[in-house]
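Descriptive structure summary
What follows is the residue order along each chain.
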Amino acid sequence: MKKLIVFFPLIFVLFAFGCTGKNKPVQTDNNFSVLVFITGVITGSPTYEMMAEGALEFAQKHPNVNVKIYEAGMNQAQWEQQLAEMVSEGGYDIVIGSNPSLPEISANVALRFEEQKFIIADAEYEGNPQIRTYNYNQYEQSLFLGYLAGLITTSEMPHANIQKRVGFIAAQEYPLLTRQMVPGFIEGAKLVDPEIELDMRIIGNWSDANKASELASAMINSGVDVFTAIAGGAAQGLIRTVSERGAYVVWYNTNAYSLAPGLIAGCGIMEQKKLTMEILEDALNDRVQYGISETIGVNEGYLGFMFDDPGYQNLPLDIREKFESFLDDSFK
């Protein structure tokens, strides 16, 4: 069952989703109504967790802002219909979301609802006067995570082997993944050693943790000793396998060191909560320019690396020094 929650004000537990249905939000003449459309589920997806948290915190600070959060579930084929139903029933000033596939879905819905505005993070789409996108420069994050993976696979750390082979597990293929993330990751690794090879596997969905676990096990058998993943909830299968068999992971977008202490070797950070609150501030004050896409990355303050967690200190000092020197030289 899809999940729908209305928060006014923020006195509910953030992710205690128990209210279902598609009711219209309560409206007053001065209300600013926001639909946070989650293409998937929040639990286990840090980017969605951060977007929901940012929207709810913004609503708490602005009593005239009403926020409705809707989880569309894992069946991507149903997302467009669900979005159209929500837009038709809700009377929202803006719809915000975060998914590379969401702009095209929104463009189809926009044909039927010519006044509806959509603002989408982690996506790139231009030319539609109803849609604004913010594209994280995932090539940058991929490059430095790949560099760290290269340092690990060529190291003498306990679970590193001699094969110079890194792994990438993805839920599915999409343009941002194939054009920025995978190339950036392997190019970063090859900056350490040109002989490093990439083993990439596709799960086929965002939820099958068992399939991810099977793929990770097969990749370890082929010589992979350090992984990354863009797989949503399915990535839990990767965590399970590396914990059982011994291998390392570098993680996108959020602090995940505690998921496998000593094996999560490094975590990139995406400032999704910060961006969400800035989007809502601009939308509330009618400062959003639609029809364009803006690329944001390390130098703009929206991508970074989690150095402060004790989990990072598990890396040998020489690896940390080389990695930090690379970041200093590459992003000034």
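Everything that follows concerns the structure shown earlier in this document.
This report concerns the structure included in the present document.

The helix and strand inventory of the protein chain stands at 9 helices and 13 strands. Projecting the C-alpha coordinates of the protein chain onto the three principal axes gives extents of approximately 65 × 40 × 35 Å. The buried share of the protein chain, reckoned over its 332 residues, is 55%. For the protein chain, the accessible surface area stands at approximately 14200 Å², while carbon and sulfur atoms represent 47% of it. The averaged location of the 41 negative side-chain charges in the protein chain is 4 Å from the averaged location of its 23 positive side-chain charges.

Right, let's talk about the pairing of strand β3 (residues 65-71) for a bit. Within β3, 7 of the 7 residues are buried, which leaves the element mostly enclosed by the surrounding structure. Across the two faces of β3 the burial is the same, with V65, V67, I69 and E71 and N66, K68 and Y70 all buried. Where strand β2 (residues 32-38) and β3 come together, 7 bridges link them in parallel fashion. Residue pairing across strands places F37 opposite Y70, the latter belonging to β3. Handedness of the crossover joining β2 and β3 through helix α1 (residues 46-61) is recorded here as right-handed.

Moving on to the nonpolar core. I152, F168, I169, F227, F305 and F323 are the most contacted members of the largest nonpolar core, which totals 63 residues. In terms of residue count, helix α4 (residues 138-153) provides more of this core than any other element does, 8 residues in total. Those residues in contact with F168, other than ones at most four positions away along the chain, are L177, M181, V182, F185, L198, D199, M200, R201, M219, T228, I230 and Y252. The next biggest cluster of nonpolar side chains, apart from the first, holds 30 residues, and it includes M51, L275, L280 and Y302.

Let us look at a negative patch on the surface. Where like charges cluster on the molecular surface, the negative patch consists of D318, E321, E324, D328 and D329. Counting through the fold element by element, E321 comes out in helix α9 (residues 317-330). Overall, E321 belongs to the partly exposed group, its relative accessible area being 47%.

Glancing now at the pattern of salt bridges. Between side chains of opposite charge, a pair can form as their charged atoms come close. Summed over the entire model, instances satisfying the criterion amount to 10 salt bridges. Close ionic contact of R132 with E294 constitutes a salt bridge, the shortest N to O distance being 2.8 Å. Linking R132 in strand β6 (residues 131-136) with E294 in strand β12 (residues 293-296), this pair joins segments that are 162 residues apart in sequence. Judged by relative accessible area, which is 7%, R132 ranks as buried.

It is worth spelling out the sheet that holds strand β10 (residues 248-251) at this point. In space, the 6 strands of this open sheet follow the order β8-β7-β9-β10-β11-β13, with mixed pairing throughout. Edge positions in the sheet fall to β8 (197-202) and β13 (303-305), since each has one partner strand and no second. Strand-to-strand, the axes of this sheet are offset by a mean angle of 20 degrees, without reference to chain direction. Taken together, the 3 bridges between β10 and strand β11 (residues 264-270) define a ladder with parallel strand orientation. Looking across to β11, one finds that V250 is bridged to G266.

Let us look at the packing of α1 against helix α8 (residues 272-284). At a minimum axis distance of 8 Å, the contact between α1 and α8 shows a crossing angle of 40 degrees. As judged from the angle between their axes, α1 and α8 are oblique. As for how α1 packs across α8, the hand of that crossing is right-handed. Mapping the contact onto sequence places T47, M50, M51, E53, G54, A55, E57, F58 and K61 in α1 and Q272, K273, T276, M277, L280, E281 and L284 in α8. Class assignment of the residues belonging to the contact of α1 with α8 gives a composition of 7 nonpolar, 4 polar and 5 charged.

In the Ramachandran plot, N253 falls in the positive-phi region, its phi being about 80 degrees despite a non-glycine side chain. The class for N253 is buried, based on a relative accessible area of 10%. Unusually for a residue other than glycine, D286 sits at a positive phi of about 55 degrees. Residue D286 is classed as exposed on the basis of its relative accessible area, which comes to 71%.

Here we come to α1. The end-to-end C-alpha distance of α1 is 22 Å, a good match for the 22 Å that 16 residues give at a rise of 1.5 Å each. Taken together, the buried positions of α1 are occupied by T47, Y48, M50, M51, A52, G54, A55, L56, F58 and A59.

The next subject is helix α2 (residues 79-90). The terminal C-alpha atoms of α2 lie 16 Å apart, and with 12 residues this matches the ideal 16 Å at 1.5 Å per residue to within 8%. Turning to α2, its buried residues are W79, Q82, L83, A84, M86, V87 and G90. Once α2 ends, the next one or two residues include G91, with phi positive near 65 degrees.

A separate point is the pairing of strand β4 (residues 94-98). A large share of β4 lies buried, amounting to 5 of its 5 residues. Bridge analysis of β2 against β4 gives 3 bridges, and the strand direction is parallel. Among the inter-strand pairings, V36 is bridged to a residue of β4, identified as I96. Handedness of the crossover joining β4 and strand β5 (residues 118-121) through helix α3 (residues 102-112) is recorded here as right-handed.

What counts as what
- Residues numbered from 1 in each chain as written.
- Predicted model: local features only at pLDDT ≥ 70, side-chain atom pairs only at ≥ 80, totals over all residues.
- Heavy atoms only, no water.
- Helix = DSSP H or I, 4+ residues; strand = E, 2+ residues; numbered from the N terminus.
- Buried < 20%, exposed > 50% of the residue type's maximum accessible area, 1.4 Å probe, protein only.
- Areas by Shrake-Rupley, 256 points an atom, 1.4 Å probe, with all protein chains shown as cover.
- Lys, Arg positive; Asp, Glu negative; His and termini not counted.
- Charge placed at Lys NZ, Arg CZ, Asp CG, Glu CD.
- Pairing = 2+ DSSP bridges.
- Right-handed = clockwise from strand over helix to strand, strands pointing away.
- Core = buried A, V, L, I, M, F, W, Y, C linked by side-chain atoms within 4.5 Å.
- Contact = heavy atoms within 4.5 Å.
- Patch = residues over 30% accessible without salt bridge, like charges linked within 9 Å, V, L, I, M, F, W, Y side chains within 5 Å.
- Salt bridge = Lys/Arg side-chain N within 4 Å of Asp/Glu carboxyl O.
- Axes fitted to C-alpha atoms, helices over the stretch in contact; angles between N-to-C directions.
- Parallel < 35°, antiparallel > 145°, perpendicular 65-115°, else oblique.
- Left-handed = near helix turned anticlockwise from the far one by under 90°.
- Nonpolar A, V, L, I, M, F, W, Y, C, P; charged D, E, K, R; others polar.
- Expected span 1.5 Å × (residues − 1).

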